Amino acid sequence: AIQCGFCTPGIVMAAAALLKRNPSPSKEDIEQAVPNLCRCGVYPRLVAAIQRAGRVLLNQETISAAPAPGISIDDAARAVPALNAGPDANDNGGK
């Protein structure tokens, strides 16, 4: 959801505070709670990412991702329960 990273720290802090108060924020809730300016204009993706994080927080959704190299799928899932190893989790992109 983020491109250059210049605004990331402020957005992350504002989004975390919002999700702590309201794990199911509307677009309007997010726009009000995250006043940070983004030079890249990623607001539509940012809203979607914050809403997805809320669904993960509520255990309504998991994030499909491959673990970092050297970490087993089972260990990653135990350490971060929101991660759900997807069907391509063992595929390191041909590496």
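Predicted, not measured: the structure shown is a model, and the values here were computed from it. (Residues numbered from 1 in each chain as written. Predicted model: local features only at pLDDT ≥ 70, side-chain atom pairs only at ≥ 80, totals over all residues. Heavy atoms only, no water.)

1. Section: the packing of aromatic side chains
Point 1. One pass over the structure, following the stated rule, counts zero aromatic pairs.
Point 2. For Arg39, the ring lying beneath its charged end belongs to Phe6, and the centroid distance is 4.5 Å. (Phe/Tyr/Trp six-rings, centres within 6.5 Å; stacked < 30°, edge-to-face > 60°. Lys NZ or Arg CZ within 6 Å of the ring centre and 35° of its normal.)

2. As for the nonpolar core
Point 1. Ranked by internal contacts, the top residues of the largest apolar core, which has 13 residues, are Ile11, Ile30, Val34, Leu46 and Ile50.
Point 2. Top element by residues in this core is helix 1 (residues 8-21). It accounts for five residues.
Point 3. Residues in contact with Val34, not counting those within four places in the same chain, are Ile11, Ala14, Ala15, Leu46 and Ile50. (Core = buried A, V, L, I, M, F, W, Y, C linked by side-chain atoms within 4.5 Å. Buried < 20%, exposed > 50% of the residue type's maximum accessible area, 1.4 Å probe, protein only. Helix = DSSP H or I, 4+ residues; strand = E, 2+ residues; numbered from the N terminus. Contact = heavy atoms within 4.5 Å.)

3. With respect to the pattern of salt bridges
Point 1. Enumeration according to the criterion identifies four salt bridges in this entry.
Point 2. In this structure, Lys27 engages Glu31 in a salt bridge whose closest nitrogen and oxygen atoms are separated by 3.8 Å. Taken as a pair, Lys27 and Glu31 lie in helix 2 (residues 27-33) at a separation of four residues, close to a single helical turn.
Point 3. Residue Lys27 is classed as partly exposed on the basis of its relative accessible area of 45%.
Point 4. Exposure remark for Glu31: the relative accessible area of 46% places this residue in the partly exposed category.
Point 5. In this structure, the salt-bridge partner of Arg52 is Glu61, at a minimum N-O distance of 2.5 Å.
Point 6. We classify Arg52 as partly exposed; its relative accessible area is 35%.
Point 7. What you see here is one network of salt bridges that share partners, running through Arg52, Arg55 and Glu61. (Salt bridge = Lys/Arg side-chain N within 4 Å of Asp/Glu carboxyl O.)

In short, the description is geometric, and any link to function would need to be established separately.
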